[in-house]
Structures are given as structure tokens and as C-alpha cells.
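Residues per chain, in single letters:
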Amino acid sequence: KLNWINQHYMRKLTVEEFFAAAKPHMVKAGYMTGNEQGEKLAWLEQVVATAKEQVSFGAEIPQAVSMYFADDFNFETTEAEAVLKEESVPVVMKMFIEELQAATTVDGLTVKGIFKSIQKATKFGGKFVYMPIRVALTGNQHGPELVEMIPLLGAERSIKRIKNSLDKAGITLA
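A. Spatial organisation of the overall build of the chain. In terms of helices and strands, the chain carries ten helices and zero strands. Order of helices (α) and strands (β) in the chain, N terminus to C terminus: α-α-α-α-α-α-α-α-α-α. Classification of the 174 residues of the chain by burial places 39% in the buried group. Residue pairs in contact within the chain that sit at least 24 positions apart in sequence constitute 70% of those at least 6 positions apart. Positive and negative charge centroids in the chain, built from 20 and 21 side chains respectively, lie 3 Å apart.

Quick look at the structure:
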């Protein structure tokens, strides 16, 4: 019950307050020095903000954002890996990679538009578009919103992570 109460409190914090609560834990985890400035600091603030809805207390934040700091990862579960073995995955991934490469900017609106475009072209429901992309990017079936995460990773890193995950799962794109 205390975790639930604390989670409620954490969600009510402003982005600045949430980052301040995260900072000592991020430093301890080695994800930051505490002296970051400029673009690096802005990126870290955005990364930390993606954990706001997922954590109950500050010490959980580094684990919730760890996916941004390691491009080589394993699948969380066999179920997560199985998501990538769905029949629809090669088509979805190929379209996603092509549209992401073609995008002139990679922001939340662009990513959302790419997802809608894939759904419209394939007639696949959201689960068959979002879930395999999430698993390919993170190895997990749960995590931050993809429209927040992909712009923070950037197109190049996102594509590299997807291709690595597909290779691990033994999936080839047509």
C-alpha cells in the first residue's frame, strides 16, 4: 500500500521535481555524473521523464530507463521473444524501418504517423504493430510510450536495435 501511495506522489511531481528525485539514483547507477549540461542534460531529463508513470519511488528510476543506455540486451522472457516470431512481424518491421529512415525528423508526431501508416497499409491492429516494435527495441513487452522512446533513441539507434533483435530471434526481413 505504501508503494501505491508513493507512486501517486511521484506522478504528481513536476518534470523538474521528478528529475531532481531521480538524479542521485542515476548518478549512483552510473548513467550520469551529475555535472551534465546542455543537450546531454536535456536528453537525460527527457529520458527520466519517460519513467514517471512506471515507478513507485526514486530508486526504481535507473532500472526503468536502463534501456536507453545499453543497445545490446536480451529478451526479458520467452514470451517477449515469441512476439517477434508472429507472422506479421517481417512486414511490420520492414515498413517501420523504411518509414523511419525516410523521416526528415524523428519526433513523437512523426513516430505516431508511422504507426498509423503501417496500421492503415496492413490492416493490423495496434497490438501487432506496437508490441513487436517495443520488443525489438527493448527486449521487453512493457515500458515507456514508443512515441516518447523512439525520438530519444533516434532513428539510427532504433533501426540498429530492431535489426539486432530480429537477428537474435532468427527473423529475416523480406
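B. Geometry of helix α10 (residues 155-169). Over its 15 residues, α10 extends 21 Å from the first C-alpha to the last, a length consistent with the 21 Å expected when each residue adds 1.5 Å. Taken together, the buried positions of α10 are S158, I159, R161, I162, S165, L166 and A169. The arc enclosing the buried residues of α10, seen along the axis, measures out at 165°, which places them on a common side. In this structure, α10 carries E156 and D167 as exposed residues pointing more than 90 degrees from its buried face. Those residues of α10 hidden inside the fold are in contact with α5 (78-83), α6 (89-102), α8 (126-138) and α9 (146-153). A positive phi of about 75° marks G170, the residue just after α10.

C. Structural context of the packing of aromatic side chains. This model, assessed by the stated rule, comprises five aromatic pairs. Between F96 and F115 the ring centres are 5.7 Å apart and the planes differ by 15°, which places this aromatic pair in the stacked class. In this pair, F96 sits in helix α6 while F115 sits in helix α7 (residues 108-122), placing the two residues 19 residues apart along the sequence. Residue F96 is classed as buried on the basis of its relative accessible area, which comes to 0%. Ring centres 4.6 Å apart and planes at 55° place the aromatic pair F115 and Y130 in the tilted group.

D. Structural context of the side chain of E36. Checked against the element boundaries, E36 lands in the loop between α2 (15-29) and α3 (38-49). Among buried Asp, Glu, Lys and Arg side chains, E36 stands out as unpaired, with K40 the closest opposite charge at 6.1 Å. Of the polar contacts made by the side chain of E36, one reaches the backbone nitrogen of T33; its length is 2.5 Å. At 2.9 Å, the side chain of E36 forms a polar contact with the backbone nitrogen of G34. In this view, E36 contacts L41 and L44; residues no more than four positions away in its chain are not counted.

E. Region of the structure containing the environment of D71. With respect to the helices and strands, D71 occurs in the loop between α4 (61-65) and α5. C-alpha separation for the pair D71 and V111, spaced 40 residues apart in sequence, amounts to 20 Å. Residues contacting D71, with those up to four places away along its chain left out, are R157, K160 and R161. Side chain to side chain, D71 and R157 meet in a polar contact 2.7 Å long. In terms of polar contacts, D71 uses its side chain to reach the side chain of R161, at 2.8 Å.

F. How the structure looks around the packing of α6 against α10. Where α6 contacts α10, the two axes come as close as 10 Å, and the packing angle between them is 160°. On the basis of the axis angle, α6 is roughly antiparallel to α10. Between α6 and α10 lies a crossing whose hand is left-handed. Together, V89, M93, F96, I97, L100 and Q101 of α6 and A155, S158, I159, I162, K163 and L166 of α10 make up the contact between the two elements. For the contact of α6 with α10, a count of residues per class yields nine nonpolar, two polar and one charged.

The rules behind the values
- Residues numbered from 1 in each chain as written.
- Predicted model: local features only at pLDDT ≥ 70, side-chain atom pairs only at ≥ 80, totals over all residues.
- Heavy atoms only, no water.
- Helix = DSSP H or I, 4+ residues; strand = E, 2+ residues; numbered from the N terminus.
- Buried < 20%, exposed > 50% of the residue type's maximum accessible area, 1.4 Å probe, protein only.
- Contact = heavy atoms within 4.5 Å.
- Lys, Arg positive; Asp, Glu negative; His and termini not counted.
- Charge placed at Lys NZ, Arg CZ, Asp CG, Glu CD.
- Expected span 1.5 Å × (residues − 1).
- Arc of directions from axis to C-beta.
- Phe/Tyr/Trp six-rings, centres within 6.5 Å; stacked < 30°, edge-to-face > 60°.
- Salt bridge = Lys/Arg side-chain N within 4 Å of Asp/Glu carboxyl O.
- Polar contact = N/O pair within 3.5 Å; in protein donor to acceptor, adjacent residues only side chain to side chain.
- Axes fitted to C-alpha atoms, helices over the stretch in contact; angles between N-to-C directions.
- Parallel < 35°, antiparallel > 145°, perpendicular 65-115°, else oblique.
- Left-handed = near helix turned anticlockwise from the far one by under 90°.
- Nonpolar A, V, L, I, M, F, W, Y, C, P; charged D, E, K, R; others polar.

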